[in-house]
Amino acid sequence: MFLYSLTLQRATGMVCAINGSFSGGKSQEIVVARGKILDLLRPDDNGKLQTLLSVEIFGVIRSLAQFRLTGAQKDYIVVGSDSGRVVILEYNKEKNYFDKIHQETFGKSGCRRIVPGQYLAIDPKGRAAMIGACEKQKLVYVLNRDTATRLTISSPLEAHKSHTITYSICGVDCGFDNPIFAAIELDYSEADQDPTGVAASEAQKHLTFYELDLGLNHVSRKWSDQVDNGANMLVTVPGGGDGPSGVLVCAENFVIYKNQGHPDVRAVIPRRADLPAERGVLIVSAAMHKQKSMFFFLLQTEYGDIFKVTLDHDNDRVKELKIKYFDTIPVTSSLCVLKSGFLFAASEFGNHALYQFQAIGDDPDVEASSATLMETEEGFQPVFFQPRKLKNLVRIDQVESLMPIMDMKVINLFEEETPQIFSLCGRGPRSTLRILRPGLAISEMAVSQLPGVPSAVWTVKKNVNDEFDAYIVVSFANATLVLSIGETVEEVSDSGFLDTTPSLAVSLIGDDSLMQVHPSGIRHIREDGRINEWRTPGKRTIAKVGSNRLQVVIALNGGELIYFEVDMTGQLMEVEKHEMSGDVACLDIAPVPEGRQRSRFLAVGSYDNTIRILSLDPDDCMQILSLQSVSSPPESLLFLEVQASFGGEDGADHPANLFLNAGLQNGVLFRTVVDMVTGQVSDARSRFLGLRAPKLFSITVRGRRAMLCLSSRPWLGYIHQGHFLLTPLSYETLEYAASFSSDQCAEGVVAVAGDALRVFTIERLGETFNETAIPLRYTPRKFVVQPKRKSLIIIESDQGAFTAEEREASKKECFDAAGIGENGNAEQMENGGEDEENNDPLSDEQYGYPKAESERWVSCIRVLDPRTTQTTCLLELQDNEAAFSICTVNFHDKEYGTLLAVGTAKGLQYWPKRSFDAGYIHIYRFKEDGKVLELLHKTQVEGIPLALCQFQGRLLAGIGSVLRLYDLGKRRLLRKCENKLFPNTITSIHTYRDRIYVGDIQESFHYCKYRRDENQLYIFADDTVPRWLTAATHVDFDTMAGADKFGNLYFVRLPQDVSDEIEEDPTGGKIKWEQGKLNGAPNKVEEIIQFHVGDVVTCLQKASLIPGGGEGLVYGTVMGSVGALLPFTSRDDVDFFSHLEMHLRQEHPPLCGRDHMAYRSAYFPVKDVIDGDLCEQFPTLPVDMQRKIADELDRTPAEILKKLEEIRNKII
Amino acid sequence: MSVFGGDSWGREAQYRKRRVDDLIIEGIDGCGYKKLPNGKLVCLLCPHHPVLDTPLMLSQMHVKGSRHRAAESEQKERELSRQYQINKRIALADSSSTAVSSTSSEVRCGSTKTPLIEQVHKAASEILAGESPQCSTMDKSPDVRSDICYYKKENQSIAKSNATEVVAAPEVAFQQQLDYKNRRERELKLISAGWKRDAHGRWFKDENVEFDSDEEDPNVYLGQ
């Protein structure tokens, strides 16, 4: 088996983010690391974040920093990754890619303790960079420029210190003196030597300054001073005339200003009043904003509260450190303050947000200050504050994030054309159930009913130079309706259009006149209101029309073509007639090329399954230039011209091209390239779009021509970052469409469906999925589908939180105390702040849940109807119980039908050691049509049931290391059979026929069998590799697919002969089992597939995402990405893609210096998987490189692109 | 740079070459040779199994050699004669089975599949349990349906078994099989529910298994 791996949805979570001016000048951009992806974002004029560039680097990005050489206008990006190299990137605005300026190797690859890459610090003046490891090593690179003003980098200078752990590093701003870097370090040499643990408890963190002597080219430890042991982060304080220099040390509960030769200035971080005393307050992210006259810091705590920190200073002396509550937003991994007045918050979990500053918290009252610091004998007096609504920030945009995907299932619950992906995302109050559908999201602007069922719709401008459309013309079976577009859309009768007849085409012709083609003629409406009418000869009627701005071709019944042109005076003149052999099915004229009089090509589709390209040149008018036969009669034709592009906003270079698209009656979209000189067609591609013949329309998307195809669902063909993408729209079936542009909606589509007129816009181009989010209460863990009722049953749990009632009560108390009327009712509370309009001043989604003691658990079981998105039943578990596993089970010959089993643990604690009070399995029955759950009984078990599964009319449970079979009793579950021989903890159980596939938390899969006649469970095969399993799925009788916590995906298979032996053996291999092999099973499974995804896979499923497509493996990851592995069906494809992959590895090494093959083999050598993400980088290569690779593969670049497109279309 | 870390293109080239070699070899019948782990090839047709270094040697040189050809034709002959034998046997088997109804032949197959020890064990345990012998085993003759003791019957049935089975009416055999199945199913259900049999064939509860308090005792309801 060979698999093709493809990421369908790139990671959506963010690890770190930096901001700067990467394209130079005044523009402000954000560079974001999403694990293995580097993105460049920019807020556009409307405050929407646009992704300019997204690059997969095939490595792990661990840190990012930006720097600017003195006097330069542009920022560079430094990337610390797992490649053992430091990489400096420059963003190339013209060609839209990251240019690798420098790549310096310093160590082994991989995320290691002592190989730098974890921390990056930059000298504020851009003269040096420090890259540090978690332990021991720190390297300093001197950055400079040569005579040609190119950036140069020195060889590394070592600032190592053995036996030290580094917590944070930053640059110290000391103007143009020698660059200094600060680090929080802990020396563990003594603790390491002392077995009593006394030294370990006395270990002390230090703040150390490292000075880079530019003269001696050498780094030395300049100064070291004790800091709080809770210190976790450093923030640079401006210096060199702008401020006092030094650093802010963020520690547990304190912010301390420190500098060499300066006394500590300390202030307490204010606490929320409801925070338990045992909890400290830590700063998790920070941003510094500097203007000419002032600077301030924004520090965010682990609870989401942002504090503004200001320093009162007199030259180099800091007099006071003030902390003022600023606002509360969800906890971020990075905060970026943009010079343009925006705050970008890269959320730790859930959606990211862009905020605009309304104010900068200038009021003089502050919560905490170094001047008011009170020290008592118990320590420093805490300061309290009350969080409030956003005052200084206002959210203007959101970037959706699925991170983390906890569980996912691909099912077609809504009975749509393609299955939906149901995923449990997020954490705590920000958790959601998201329904992903392949396709682009649209936003509906207006829907209005029409008096009849329309057959077609057009929009026309009055003048070619107009920005917006003037009329919407709707054609009915025997009438035409004209609507004028203004403030409102209303019917008009003075437009000059004939309204007593249906229309075949309406368009702007020439510069400023309108044309209406109806079955009996052409009506030409001049700008001054004169009307010219051309009538068809005899009783013949017009069947089809094709036109562009200057040319019109009509086809009469019987197959006669008549060609008109607009002459110099703006008159429509008949030029040529041509008799076709039979009726014309459809026709289209290519758009007039820039600077030309006319287009040369007319495409005519006939019912004899052919498409002809005819010339419209005066020299060879109506001559057939080429002929293409197709599989079914064409229904609609469209020429799509792609203008030549060299970089720019959407990337790669591509020459001008003319594509002819044809929608065939069998539902296939057929696309060929038309040679712009000879009219010859080549490079035909076809794709099945739906059950109806696609109708094709030209619309505008982001200022470029794009194609809308209306089949049984609408599709959009457009160019995004150099790729032509054909993506479905998540919208209902449409009949006819036209582009629409008005001052409310610059780029929209007007369409008719049924008797309604719909106006909509297409959003978030380039995305594969659109999502619908349903909020949940706690972190979702798992879910199952109730197969009959099609409802979802979700288990949610959170540690260290209060139950809904307790929260409700404390909130009330708090509001009463604060004197605010409480508007949020219990229902809104349920879903953790469903929306912002509910006037709840403290929505949990934004402020987080109030924190309880860490041993407290809250958990609930929810029955949710995905169609109505309503929760029909929500059971909150009592007594500190939390749900961990769930399954539906049908007990054999028992009266209840489908029951629900939920595994729970009571009083679970992970620290200092995993412990719990009790484990239970709850059995629920469905009532009221499956909407409500009722507890049948609850059985105490001696471990935590982490896996449950139905098996032969009974319940299999993995309880700790025991696999046990339960039957349903009257008052409890009855233990019928068990096997205690599993190594650690069972986390997954799958069954197929009489086999049971058990996944152990650290020892991969065990294949088991149940023998009824002896009532025994025994293991007959296991894996040789101790894998830390995070997700598992059953592939076939002998094969399981799994993922481990190091980011590997693998398949194991029982060898065929062993499998046969087991099946044939009357004892089922039991005798062999009893002998065993070194305490393991007698047989071993073989690893047949191995692939390093580079992200922890949390859920796996065998599924097909397209109707009639082959099944593949779909997975979701912690970082919020969705990917698929598709098995190849032919050996040729395997050969082709493995060669393409090989060439790309050589010719196009990953951006951040990690070797591709080494990355995909990070833990185990990659086996039989082709990396589609690498192959899909082929179109981004320079043209000559593409040609070189194509030559080596004996193909043309176009063929390779076609192949890539084909395989992608097989997956989604 | 090579994907193996060094700067050598050697591995890549070697890999490519091997792929080309594999393509060349496709002209030869796949079962005629075997690839050894060291990349060499062994011809399976020739009796002395010569080892060849490269696919080229195999496809271009060895295959055209006279000894190989002789071996090949011999192999073909053997194949043909074996096929002939198989056909003959199939034809014979078809004619003999026409007399026996399909269900009883299945039963026979089923019974022969379970090892003898198991059968004996079961028979013994059932007799000891004092059950009616009607459906205890399927080897017993169909005409013995009275209350005669199993011990007596066994002597007869061994002698008669095959002959009588052939003449037995198919309905009777079917009925028997159904009874047997039901019985077997009930027994399996009890076993999987945690019941065990003691040396006297009586059911008792496995101490490691839990039961509902009002669960019926199979000794009571099966004994009737």
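Residues numbered from 1 in each chain as written. Chains lettered and ligands numbered in written order. Predicted model: local features only at pLDDT ≥ 70, side-chain atom pairs only at ≥ 80, totals over all residues. Heavy atoms only, no water.

(A) Main features of the overall build of chain B. Within chain B one finds eight helices and five strands. Order of helices (α) and strands (β) in chain B, N terminus to C terminus: α-β-β-β-α-α-α-α-α-α-β-β-α. A burial count over chain B gives 26% of its 224 residues as buried. At a minimum sequence separation of 6, the contacts of chain B that also span at least 24 residues come to 32%. Carbon and sulfur atoms provide 57% of the accessible area of chain B, an area that totals close to 15400 Å². (Helix = DSSP H or I, 4+ residues; strand = E, 2+ residues; numbered from the N terminus. Buried < 20%, exposed > 50% of the residue type's maximum accessible area, 1.4 Å probe, protein only. Contact = heavy atoms within 4.5 Å. Areas by Shrake-Rupley, 256 points an atom, 1.4 Å probe, with all protein chains shown as cover.)

(B) Representation of the overall build of chain A. Of the regular secondary structure elements, chain A holds twelve helices and 92 strands. Computed over C-alpha atoms, the radius of gyration of chain A comes to 34 Å, within 12% of the 33 Å expected from 2.2 N^0.38 for 1212 residues, which places it in the range of a compact globule. Summarising its shape, the C-alpha atoms of chain A cover approximately 110 × 85 × 70 Å along the three principal directions. Residue burial in chain A is summarised as follows: out of 1212 residues, 59% are buried. Taking all contacts inside chain A whose residues are at least 6 apart in sequence as the whole, residues at least 24 apart take part in 55%. Of the roughly 47600 Å² that chain A leaves accessible, carbon and sulfur atoms contribute 47%. (Rg over C-alpha atoms; globule rule 2.2 N^0.38 Å.)

(C) Fine view of the nonpolar core. Residue and element names in this part refer to chain A. Judged by nonpolar contacts, the single largest core of 48 residues is most densely connected at Val474, Phe497, Leu708, Leu716, Phe760 and Ile762. Per-element tally for this core: the top contributor is strand E65 (residues 748-753), with five residues. Not counting chain neighbours up to four residues away, the residues in contact with Leu716 comprise Leu440, Ile699, Val701, Ala706, Met707, Leu708, Leu725, Leu726, Thr727, Leu729, Ile762 and Leu765. Residues Leu8, Phe1128, Leu1140 and Ala1190 belong to the second largest nonpolar core, which totals 39 residues. (Core = buried A, V, L, I, M, F, W, Y, C linked by side-chain atoms within 4.5 Å.)

(D) Focus on the interface of chain A and chain B. The interface of chain A with chain B comprises 26 residues on the first partner and 25 residues on the second. Roughly 2300 Å² is buried in total at the junction of chain A and chain B, and carbon and sulfur atoms are behind 45% of that figure. For chain A, the biggest contributors to the area lost against chain B are A:Arg975, A:Arg1012 and A:Gln1146; these three give 27% of the whole. Applying the counting criterion to the chain A and chain B interface returns four salt bridges. Close ionic contact of B:Glu185 with A:Arg1012 constitutes a salt bridge, the shortest N to O distance being 2.8 Å. At the junction of chain A and chain B, the tally comes to ten residue pairs in polar contact (both at pLDDT 80 or more). (Buried area = accessible area lost by both parts, 1.4 Å probe. Salt bridge = Lys/Arg side-chain N within 4 Å of Asp/Glu carboxyl O. Polar contact = N/O pair within 3.5 Å; in protein donor to acceptor, adjacent residues only side chain to side chain.)

(E) Local environment of the sheet that holds strand E39 (residues 442-449) of chain A. Residues and elements named next belong to chain A. Read from one edge to the other, the open sheet built from four strands follows the order E39-E66-E65-E64, with strand pairing classed as antiparallel. In the strand order of this sheet, the two ends are held by E39 and strand E64 (736-740), each with one partner. Each neighbouring strand pair of the sheet contributes to a mean axis angle of 25 degrees, computed without reference to strand direction. Note that E39 and strand E66 (residues 756-762) share seven bridges and pair antiparallel. (Pairing = 2+ DSSP bridges. Axes fitted to C-alpha atoms, helices over the stretch in contact; angles between N-to-C directions.)

(F) Spatial organisation of helix H6 (residues 1056-1064) of chain A. All names here are of chain A. Every buried residue belonging to H6 is among Val1058, Ser1059 and Ile1062, and all of these are buried. Viewed end-on, H6 has its buried residues packed into an arc of 100 degrees, placing them on one side of the element. Opposite the buried face of H6, by more than 90 degrees, sit the exposed residues Gln1056, Asp1057 and Glu1064. The inward-facing, buried residues of H6 contact strand E81 (995-1000), strand E82 (1004-1011), strand E83 (1016-1022) and strand E87 (1083-1084). (Arc of directions from axis to C-beta.)

(G) Local environment of the pattern of salt bridges. All names here are of chain A. Across all of its chains, the model carries 83 salt bridges over all chains by this definition. In this structure, Asp844 and Arg807 form a salt bridge, with 3.2 Å as the shortest nitrogen-oxygen distance. Here Asp844, found in helix H5 (residues 844-847), pairs with Arg807, found in helix H3 (residues 804-818); they are 37 residues apart in sequence, far enough to count as distant. According to the relative accessible area criterion, Arg807 is buried, its value standing at 2%. For Arg1053, the salt bridge goes to Asp1036, with nearest N and O atoms at 3.5 Å. Placement of the pair is Arg1053 in strand E86 (residues 1048-1053) and Asp1036 in strand E84 (residues 1029-1036), with a sequence separation of 17 residues. One salt-bridge network, held together by shared partners, links Asp994, Arg995, Lys1009, Asp1038 and Glu1063.

(H) How the structure looks around unusual backbone geometry. Residue and element names in this part refer to chain A. Cis geometry is found at the peptide bond from Met403 to Pro404, where omega equals -15 degrees. Along the chain, the position of Pro404 falls in the loop between strand E35 (393-399) and strand E36 (405-411). A cis amide bond links Trp911 to the next residue, Pro912, at an omega of 5 degrees. If you trace the backbone, Pro912 turns up in the loop between strand E73 (898-906) and strand E74 (918-927). Positive phi, normally seen in glycine, also occurs at Glu415, with a value near 50 degrees. By the element assignment, Glu415 lies in the loop between E36 and strand E37 (420-425). The class of Glu415 is exposed, set by a relative accessible area of 57%.

(I) Molecular detail of the pairing of strand E51 (residues 572-579) of chain A. All names here are of chain A. Inspection of the sheet shows strand E50 (residues 560-566) paired to E51 by seven bridges, in the antiparallel sense. Within the sheet, the bridge partner assigned to Glu565 lies in E51 and is Met573. Two successive antiparallel strands, E50 and E51, enclose a turn made up of five residues, where Gly570 displays a positive phi of approximately 90 degrees.

(J) Broad picture of the sheet that holds E51(A). Residue and element names in this part refer to chain A. In space, the four strands of this open sheet follow the order E48-E49-E50-E51, with antiparallel pairing throughout. Edge positions in the open sheet fall to strand E48 (542-547) and E51, since each of these has one partner strand only. Going from strand to strand, the sheet's axes swing by 20 degrees on average, the running direction of each strand aside.

(K) Representation of a negative patch on the surface within the structure. Residues and elements named next belong to chain A. A contiguous patch of negative charge on the surface is contributed by Asp1057, Asp1060, Glu1064 and Glu1086. It is H6 that contributes the most residues to the negative patch, three residues altogether. Looking at the secondary structure, you find Glu1064 in helix H6. (Patch = residues over 30% accessible without salt bridge, like charges linked within 9 Å, V, L, I, M, F, W, Y side chains within 5 Å. Lys, Arg positive; Asp, Glu negative; His and termini not counted. Charge placed at Lys NZ, Arg CZ, Asp CG, Glu CD.)

(L) Structural view of the confidence of the model for chain B. Residues and elements named next belong to chain B. Of the residues in chain B, 58% reach a pLDDT of 70 or more, and the chain-wide mean stands at 70. Within chain B, no element has a lower average pLDDT than helix H4 (residues 102-113), which sits at 42, and none a higher one than strand E5 (residues 203-205), at 87. Taken as a whole, residues 132-166 scores under 50 in pLDDT and shows 37 contacts with residues more than four places along the chain or in a different chain. Across the interface, the model reports ipTM at 0.71; the global pTM reads 0.83. (pLDDT = per-residue confidence, 0-100.)

(M) Local environment of the pairing of strand E59 (residues 681-688) of chain A. All names here are of chain A. One ladder, built from six bridges, connects strand E58 (residues 668-674) with E59; its direction is antiparallel. From the neighbouring strand, Leu669 faces E59, where its bridge partner is Arg687. Connecting E58 to the antiparallel partner E59 that follows it, the hairpin turn spans six residues, and Gly679 within it adopts a positive phi of roughly 80 degrees.

(N) The arrangement of the UniProt feature "domain: Sodium channel modifier 1 acidic C-terminal" (unreviewed entry) in chain B in detail. The positions that UniProt labels "domain: Sodium channel modifier 1 acidic C-terminal" (unreviewed entry) are, in the present scheme, residues 181-219 of chain B. Overall, residues 181-219 of chain B shows 36% helix and 15% strand. The separation of its end C-alpha atoms is 19 Å. (UniProt positions renumbered as here; feature names shortened; annotations may be inferred.)

(O) Structural view of the confidence of the model for chain A. All names here are of chain A. This prediction gives chain A a mean pLDDT of 90; 96% of its residues lie at or above 70. Of the regions scoring below 50 in pLDDT, residues 647-652 engages in 23 contacts with residues more than four places distant in sequence or in other chains. Confidence drops under pLDDT 50 across residues 820-839; counting only partners more than four residues distant or on other chains, this segment forms 30 contacts.

(P) How the structure looks around the side chain of A:Ser81. All names here are of chain A. The topology assignment puts Ser81 in strand E7 (residues 76-81). Within the local environment of Ser81, its side chain forms a polar contact with the side chain of Ser83, the two groups lying 2.8 Å apart. If sequence neighbours within four positions are ignored, Ser81 has contacts with Val60, Ile61, Arg62, Pro116, Gly117 and Cys1152.

(Q) Structural context of the packing of helix H8 (residues 1131-1147) of chain A against helix H11 (residues 1183-1192) of chain A. All names here are of chain A. One can describe the packing of H8 onto H11 by two numbers: an axis separation of 10 Å at closest approach and a directional angle of 140 degrees. One way to sum up the angle between H8 and H11 is to call them oblique. Seen from above, H8 lies across H11 with right-handed handedness. Contact residues: Leu1140, His1143, Leu1144 and Glu1147 in H8; Met1185, Lys1188, Ile1189 and Glu1192 in H11. (Parallel < 35°, antiparallel > 145°, perpendicular 65-115°, else oblique. Left-handed = near helix turned anticlockwise from the far one by under 90°.)

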